[in-house]
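A look at the structure
Okay, here's what each chain looks like letter by letter:
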Amino acid sequence: MDSTHNSKAAPTRMLMVEDNPSDVELILHQSRKDGFDTVHRVCVDESGLRCALAEFRPQLILSDFSLPTFDGLAALRIARAEAASTPFIFVSGTIGEERAIEALKRGASDYVLKDNLRRLVPAIRGAMRQYEIASARDIAEDMLRRSESRLQDIINSSADWIWECDAALRYTFSSPSISEILGYTRHELLDRAAESLLDASSRQSLQAAIDAAAADVPNGSPVVLRWLRKDGRPRWLERKMVALRNEDGSLRGFRGIDRDVTPRIVQEARIARLNRTVRFLNGANSAIVRIRSRRELLRETCRLAVQIGGYAMATVYLSNPEGGEPLVSRVVDSKLIDTQRPYREPLDGDGPVGRAMTTGERVVIADLRDTAVEVPERNVLIAAGFHSCCALPLKVDDTTIGVALLHAAETNVFSGAELELLSQVTGNIAFSLQYLRSKESAEYLEYFDILTALANRSLYRQRLQNMLKTAAGDDKALVLLLFDIAGLKVINDGLGHHSGDLVLQLVAERLKGAFQDRDTLSHLGGGCFAVCASYARSDTLATTLLRERIQYLFDKPFTVNNQELRLSIRAGFAEFPDDGDEADALLHHARTALDHAKQSGEHFLRHRPDMNVAASERLSLTNSLRTAVARQSFILHYQPKTSLADGSVHGVEALLRWPESPAGPAVFVPLLESLGLIDEVGRWVIMRALSEGDGWLRAAPAGEFRVAVNVSPFQLRREEFADEVLQAVASAGSLPSGLEIEVTESTLMADSLRAVSILTRLRAAGITVAIDDFGTGHSSLQILSLLPVDVLKIDRSFVRDIHVNQRHRMVVQTTITLAQALGMKTVAEGVEKPEQAEILKDLGCDTIQGYLVLKPVPAASLGTWLLSSPRSGDGT
């Protein structure tokens, strides 16, 4: 440290181990003379030294070598034990060369003779410099150890397989997760060729991925490969890889991440079969409604099973009530068997058809080669390409009237949800056959819900009007209760629409069991049911009893596909005559009460007049919003993003505002999404942001200033979204590098494959991609490493209390470290206090955004701020 620095810095705390006051004065005099500013303390024995080390905490120790009651080497030993990094210099007149060398070996920084004190300050400065260098090195080494430890922790804790291999594709490194994925230890994998673990069907795909990586193709798409576990079972892994090169550019090997996507692949295959079966179900239901001939209905059902359902052969046997030959209809996939050579099973035989007819139960044969099961003409069927079958009884009032027999080219096809769907098909067919015999079948299908066999809205309205007239004549009150099954969409999405349909049927059956008069019941569509009951006007408990009666129906779980589901409901009710004396008015008011119950989370709500006001206000807001979209009545406010390194402005975020309405974005943006208007408004936001930001973008070097816009999940679900964004950029006359797209983490995780495809195209065109609200979703390291993302925006919920919440500080630090490892920049949102900015800067965050810099303002105000702000830099 030089004298200039010393004049600005605090005095150095110097401890002297010296028994001669005159020597102390000489040392202090020489220090002041040479410009070395100190505060000092003197000690003469061991206890004084230990006390000074603890209380004074010296930055420098000067010690005589010989003391009356104390030895200089003992002082050195104590100092090294309790203040290891503090420079220690012997200042003595009695030290010889051998003892000086011994002292240096034991950790002394230097030694100075008392008769040559002119060397004292240079020796001190040299020791202090060595101390600073050693301290910096220790800090750097500690940071490196911590970084390596974090990286190792990430690798060891990752469920994904992280690996490296040489140019010959022999593994040189593997993370421990390989044991869970393929059953090998990571040591067993070393020096083993990748091809030896790969299924032959995927070797060509692997080679293509290797060639792409070796050619340094940017943003290469992940490749899904079929591997074989150590026990021989197949696993599907999704691979992303990069080439490793030597200093001369030659190929050294490859590094990559593989994620086990076996459940996804199996599920996709299962979903594909289920989708075919669902289309078959829908087609069969449509045929049931429009076809009035039994023979034509059976023929069309078989055709749909083969052509839409994907089954190899479909046969329907319908018994003859008069004892004659059964009615048989069959359609066969012509690629597998000659359709002119059908075989027939007797309805009373031992085969699957006979057993289904006799027992009324489903009969499934997973593999026709299983000789333990009786199957007529087994060898003929196998030779023709059929390998599994399923016989489903057709029942009317618990009486089996026929059997539907389906054959598949694969084994183990008929199980689980697919089998339940097929049972629903046969149930609907039997239902239709029952009513095709009736003269009233057309009227039934017109007024009854085919799924639940309850009155539909049209018929129920008529029945309700008649019940209101009867109640008025008998001077009775009547309560109409509408309830909706909560979470039905979750069931449909998670277990399939067949499970949702089965839930509706089970609810309908419980309603029928609880209310003998089925005229009081209706399925109004979706998960909404209606129940009404009349009672004496003096009976104040009637409404409560009806509510309890409905609630009791849902106390017990429902069994769907061997899985117990506990359902909850939201209900609204209206009463005659207080809430209306017409069926339409009562239905409307009960629906309004139900809507309020769903919004508020209440289980049961009685209609109130103010509910109509709230519904009217929402309708008014909806109409005003549609008008605002048509007139483009929105404006944009902008909030700058500034660098923590030098305070320069890197860009701005465009924020949508609706000045004509008090409703904020949290209210009207979800409404835009529900109305299907978000795409139109989103395009307008991009065009307006680029137009208003044109001057800022032109004033800055290309790519150094960006205008960011937020993208809704609904926009990113559309394949044409990338085309629309690029067209908007071109129409605005801007460079793609001036635009930044912000998407939420949850949006990316919902459909990562589609997001990768769309965002990769935008990023390839030069548009920056940022993940907004990072840390609030559920990213995996595998998915995050594959996403074409440039920026991680740390959510304001972690920034808000980063200066007082250690957990949130750790989350932010981990996010910044992860972003740096993946080559991404970080932006902290919601920065309002200087101490937040200081911590973020220390943690390595690149950019901040928030009220500390500037609140969101219109374009004109931002332009003025950019011109006047010293932080805008030369570019803006």
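Summarised in this report is the structure supplied together with it. (Residues numbered from 1 in each chain as written. Predicted model: local features only at pLDDT ≥ 70, side-chain atom pairs only at ≥ 80, totals over all residues. Heavy atoms only, no water.)

Our focus in this paragraph is the nonpolar core. Of all hydrophobic cores here, the largest spans 76 residues; its most connected members are Phe-634, Tyr-638, Leu-656, Leu-672, Leu-739, Leu-840 and Leu-862. At seven residues, helix α23 (residues 678-692) tops the list of elements feeding residues into this core. Ignoring sequence-local partners within four residues, the contact set of Leu-672 consists of Leu-625, Val-629, Leu-656, Leu-677, Ile-678 and Val-681. (Core = buried A, V, L, I, M, F, W, Y, C linked by side-chain atoms within 4.5 Å. Buried < 20%, exposed > 50% of the residue type's maximum accessible area, 1.4 Å probe, protein only. Helix = DSSP H or I, 4+ residues; strand = E, 2+ residues; numbered from the N terminus. Contact = heavy atoms within 4.5 Å.)

Moving on, we come to the pattern of salt bridges. For the structure on display, the rule yields 38 salt bridges. Note that Asp-23 is salt-bridged to Lys-114, the shortest N-O span being 2.6 Å. Of this pair, Asp-23 sits in helix α2 (residues 21-33) while Lys-114 is found in the loop between β5 (110-113) and α6 (120-157), placing the two residues 91 residues apart along the sequence. In this structure Asp-23 comes out as buried when scored by relative accessible area, which is 16%. In this structure, the salt-bridge partner of Glu-164 is Arg-255, at a minimum N-O distance of 2.6 Å. Taken as a pair, Glu-164 in strand β6 (residues 161-166) and Arg-255 in strand β10 (residues 251-260) lie far apart in primary sequence, 91 residues in all. (Salt bridge = Lys/Arg side-chain N within 4 Å of Asp/Glu carboxyl O.)

Strand order in the open sheet made by the five strands is β7-β6-β10-β9-β8, with antiparallel pairing throughout. Edge strands, defined here as strands with exactly one partner in the open sheet, are β7 (171-174) and β8 (223-228). Put simply, the sheet's adjacent strands are angled 35 degrees from each other on average, direction ignored. Bridge count for β6 against β10 is six bridges, and the pairing is antiparallel. Bridging across to β10, Asp-166 finds its partner in Gly-253. Where helix α9 (residues 203-214) meets the sheet, its contacts fall on β8, β9 (234-245) and β10, and the angle it forms with β9 comes to roughly 25 degrees. Across the sheet, helix α10 (residues 262-290) is in contact with β8, β9 and β10; its angle to β9 comes to roughly 130 degrees. (Pairing = 2+ DSSP bridges. Axes fitted to C-alpha atoms, helices over the stretch in contact; angles between N-to-C directions.)

In this section: the environment of Ala-828. Within the secondary structure, Ala-828 sits in strand β29 (residues 825-828). Sequence separation between Ala-828 and Gln-849 is 21 residues, and the spatial gap between their C-alpha atoms is 6.1 Å. What Ala-828 contacts, discounting residues up to four positions off in sequence, is Ile-794, Val-799, Leu-840, Cys-845, Thr-847, Ile-848 and Gln-849.

Here the focus is the pairing of β8. What you see with β8 is a clean split: Val-223, Leu-225 and Trp-227 sit on the buried side and Val-224, Arg-226 and Leu-228 on the side with no burial. Sheet topology note: the β8/β9 ladder contains six bridges and is antiparallel. Its bridge partner lying in β9, Val-224 is registered against Glu-238. The hairpin formed by β8 and β9 contains five residues between the paired strands, and Gly-232 there has a positive phi angle of roughly 95 degrees.

This part takes up helix α11 (residues 294-307). For an α-helix the count is 3.6 residues per turn, leaving residues at separations of three or four pointing the same way. Here α11 spans 20 Å end to end across 14 residues, near enough to the 20 Å set by a 1.5 Å rise per residue. Of the positions making up α11, those classed as buried are Leu-297, Leu-298, Glu-300, Thr-301, Cys-302, Leu-304, Ala-305 and Val-306. (Expected span 1.5 Å × (residues − 1).)

Before going further, it helps to spend a moment on the sheet that holds strand β22 (residues 604-606). One open sheet accounts for five strands, arranged β17-β18-β16-β21-β22; its pairing is mixed. The open sheet is flanked by β17 (521-525) and β22, the only strands paired with a single partner. Adjacent strand axes in the sheet meet at a mean angle of 25 degrees when their direction is disregarded. Relative to strand β18 (residues 528-536), strand β16 (residues 476-485) runs antiparallel, the two sharing nine bridges.

This part takes up a nonpolar patch on the surface. Taken together, Leu-104, Tyr-111 and Leu-113 make up a surface patch of nonpolar side chains, about 230 Å² in accessible area. Along the chain, Leu-113 falls in strand β5. The class of Leu-113 is partly exposed, set by a relative accessible area of 36%. (Patch = residues over 30% accessible without salt bridge, like charges linked within 9 Å, V, L, I, M, F, W, Y side chains within 5 Å. Areas by Shrake-Rupley, 256 points an atom, 1.4 Å probe, with all protein chains shown as cover.)

Relative placement of two packed helices is described by the angle separating their axes and the distance separating the axes. Two numbers describe how helix α3 (residues 46-55) lies on helix α4 (residues 72-82): the axes approach to 11 Å, and their chain directions differ by 25 degrees. Considered as vectors, α3 and α4 are oriented roughly parallel to each other. In terms of crossing hand, the pair formed by α3 and α4 is right-handed. Where α3 abuts α4, its residues Glu-46, Leu-49, Arg-50 and Leu-53 lie against Ala-75, Ile-78, Ala-79 and Glu-82. Looking at the contact of α3 with α4 residue by residue, the class counts come to five nonpolar, no polar and three charged. (Parallel < 35°, antiparallel > 145°, perpendicular 65-115°, else oblique. Left-handed = near helix turned anticlockwise from the far one by under 90°. Nonpolar A, V, L, I, M, F, W, Y, C, P; charged D, E, K, R; others polar.)

Looking now at the packing of aromatic side chains. Taken as a whole and judged by the stated rule, the model has 15 aromatic pairs. Geometrically, the ring pair formed by Phe-634 and Trp-658 is tilted, given 6.1 Å between the ring centres and 55 degrees between the ring planes. With Phe-634 in the loop between α21 (609-631) and β23 (635-643) and Trp-658 in the loop between β24 (649-657) and α22 (665-674), this pair connects stretches of sequence that are 24 residues apart. The burial state of Phe-634 is the same as that of Trp-658; both residues are buried. Feature note: the residues Trp-161, Trp-163, Tyr-171 and Trp-227 constitute an aromatic cluster, connected by ring pairs. Note that Arg-549 overlies the ring of Phe-515, its terminal NZ or CZ placed 4.1 Å from the centroid. (Phe/Tyr/Trp six-rings, centres within 6.5 Å; stacked < 30°, edge-to-face > 60°. Lys NZ or Arg CZ within 6 Å of the ring centre and 35° of its normal.)

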